[in-house]
Amino acid sequence: MTRLALITGGTRGIGAAIARRFKLDGLNVAVTYYGNDTAAIAFTQDTGIPIYKWDATDFDACQIGVQKLQTDLGQPVDVLVNNAGITRDATLPKMTVEQWHAVIDNDLGACFNMCHAIISGMRDRGWGRIVNIASINGQKGQFGQTNYSAAKAGVIGFTKALALESARQGITVNAVAPGYTATDMVAAMDPTVLEGIVAQIPVGRLAKPEEIAHAVAFLVGERSAFITGSTLSINGGQYLV
Ligand code: CAA
């Protein structure tokens, strides 16, 4: 049977590129979103991919949402991509406690909530693929992003621990660490700051969302069964680990 893949934050940016790529690869695909209704409606009209709206920082909403989606679509989620994420950039003295918690809850807490909602089913069936979208800035740190760097570094540790717990059950858990990518998130940056960052990228440009999707598609493939607990850096050479 064709497997079902679920991507959080899948109506824009990197998530939308992953959803489109999975569909081209022949998977059944569903996506979640929370913020932008207009973008989500345009996405589903364009792709035919079903959209589900819930707050991934809400543990109960994830449990209920996943159950409903699986009932609607008549099959369990075999592939999960935790992609939903936000930034609230500020240097530490200027960062509010709300900005801190918003990023930790969205970028790290949501991974826990979503994995909790799907992992038991994957364990019972003895097969699963989970890819968590981390960031170059969780690997190297970034000025103005103590919240985001901490959350994304946390995603990498979370990925390794869950990979160990899941290895015997046929479930792989990996992280992808994109560099600066041409999405709304990066477009929201101060253009002068962004120009300075692009100057530090050896390839000389931002990543395309499709280039990140390519790596995610590789990791969820049937033949990637021996890759687990790894972090795949896709950053144009900006940070080499
Ligand atoms: N290293 C050292 N010093 C730096 C610096 C750096 N990287 N960047 C700025 N500074 C200095 C400035 O020169 C300035 O010094 P002076 O006062 O002596 O001139 C001081 O630090 C204050 O800097 P800012 O003016 O930048 O401070 P601000 O409060 O106005 O702005 C900020 C803070 C909004 C966080 C801004 O620095 C910024 O936009 N930084 C980039 C954050 C970033 O990369 N975000 C990525 C978003 S996309 C994403 O996250 C996706 C992904 O995964 C890659």
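Data block above holds the structure.
Residues numbered from 1 in each chain as written. Predicted model: local features only at pLDDT ≥ 70, side-chain atom pairs only at ≥ 80, totals over all residues. Heavy atoms only, no water.

S.K.: I keep staring at the overall build of the protein chain and nothing clicks. Help me out?
M.R.: The secondary structure content of the protein chain amounts to nine helices and seven strands. Since a compact globule built from 241 residues should have a radius of gyration of about 18 Å, the 17 Å found for the protein chain is in line with a globular shape. In terms of principal-axis extent, the alpha carbons of the protein chain reach across some 50 × 40 × 35 Å. Per-residue burial for the protein chain yields a buried fraction of 47% across its 241 residues. The long-range fraction of contacts in the protein chain, counting pairs at least 24 apart against all pairs at least 6 apart in sequence, stands at 71%. For the protein chain, the exposed surface amounts to about 11300 Å²; the carbon and sulfur share of it is 56%. Both charge centroids of the protein chain, one from 19 positive and one from 20 negative side chains, sit 7 Å from each other. (Helix = DSSP H or I, 4+ residues; strand = E, 2+ residues; numbered from the N terminus. Rg over C-alpha atoms; globule rule 2.2 N^0.38 Å. Buried < 20%, exposed > 50% of the residue type's maximum accessible area, 1.4 Å probe, protein only. Contact = heavy atoms within 4.5 Å. Areas by Shrake-Rupley, 256 points an atom, 1.4 Å probe, with all protein chains shown as cover. Lys, Arg positive; Asp, Glu negative; His and termini not counted. Charge placed at Lys NZ, Arg CZ, Asp CG, Glu CD.)

S.K.: Would you mind showing me how to read empty space enclosed by the protein here?
M.R.: Inspection of every chain in the model, using the stated rule, returns one cavity of 30 Å³ or more. Put simply, the largest cavity is a space of about 50 Å³. At four residues, helix α4 (residues 97-125) tops the list of elements feeding residues into the lining of the largest cavity. Broken down by class, the residue content of the lining of the largest cavity amounts to four nonpolar, four polar and two charged. (1 Å grid on protein atoms, 1.4 Å probe; cavity = no way out; pocket = protein on both sides within 12 Å on 5 of 7 lines; lining within 4 Å. Points joined across faces, edges and corners; volume = space filled by probe spheres on them. Nonpolar A, V, L, I, M, F, W, Y, C, P; charged D, E, K, R; others polar.)

S.K.: Hey, could you run me through the sheet that holds strand β3 (residues 51-53) in this one?
M.R.: Hydrogen bonds between backbone groups are what pair the strands of a sheet, and the pairing can be parallel or antiparallel. Taking strand neighbours across the sheet as the criterion, the seven strands line up as β3-β2-β1-β4-β5-β6-β7 in an open arrangement whose pairing is parallel. The sheet is open, and its two edges are formed by β3 and β7 (231-234), each paired on a single side. Geometrically, the sheet is characterised by an average inter-axis angle of 20° between neighbouring strands, direction not taken into account. Here strand β4 (residues 77-82) pairs with strand β5 (residues 128-133) via four bridges, running parallel. From the neighbouring strand, N82 faces β5, where its bridge partner is N132. The strands that helix α1 (residues 13-24) touches are β1 (4-7), β2 (28-33), β4, β5 and β6 (171-178); relative to β1, the one it contacts most, it runs at about 170°. (Pairing = 2+ DSSP bridges. Axes fitted to C-alpha atoms, helices over the stretch in contact; angles between N-to-C directions.)

S.K.: Please explain the side chain of T183 as it appears in this structure.
M.R.: For T183, the location among the structural elements is in the loop between β6 and α7 (184-187). With sequence-adjacent residues up to four places away left out, T183 is seen in contact with G13, I14 and P209.

S.K.: How should I be thinking about the packing of aromatic side chains in this particular structure?
M.R.: Aromatic ring pairs are described here by two measures, namely the spacing of the ring centres and the angle between the planes. Under the defined criterion, the tally for this structure stands at one aromatic pair. Plain terms: the ring middles of F59 and F112 are 6.1 Å apart, the flat faces sit at 25° to each other, and that makes the pair stacked. Pair noted here: F59 is in helix α3 (residues 59-73) and F112 is in helix α4, with a separation of 53 residues, a long-range link. Relative accessible area serves as the criterion here: at 30%, F59 is assigned to the partly exposed category. Look at F112 and you get partly exposed, because its relative accessible area is 42%. (Phe/Tyr/Trp six-rings, centres within 6.5 Å; stacked < 30°, edge-to-face > 60°.)

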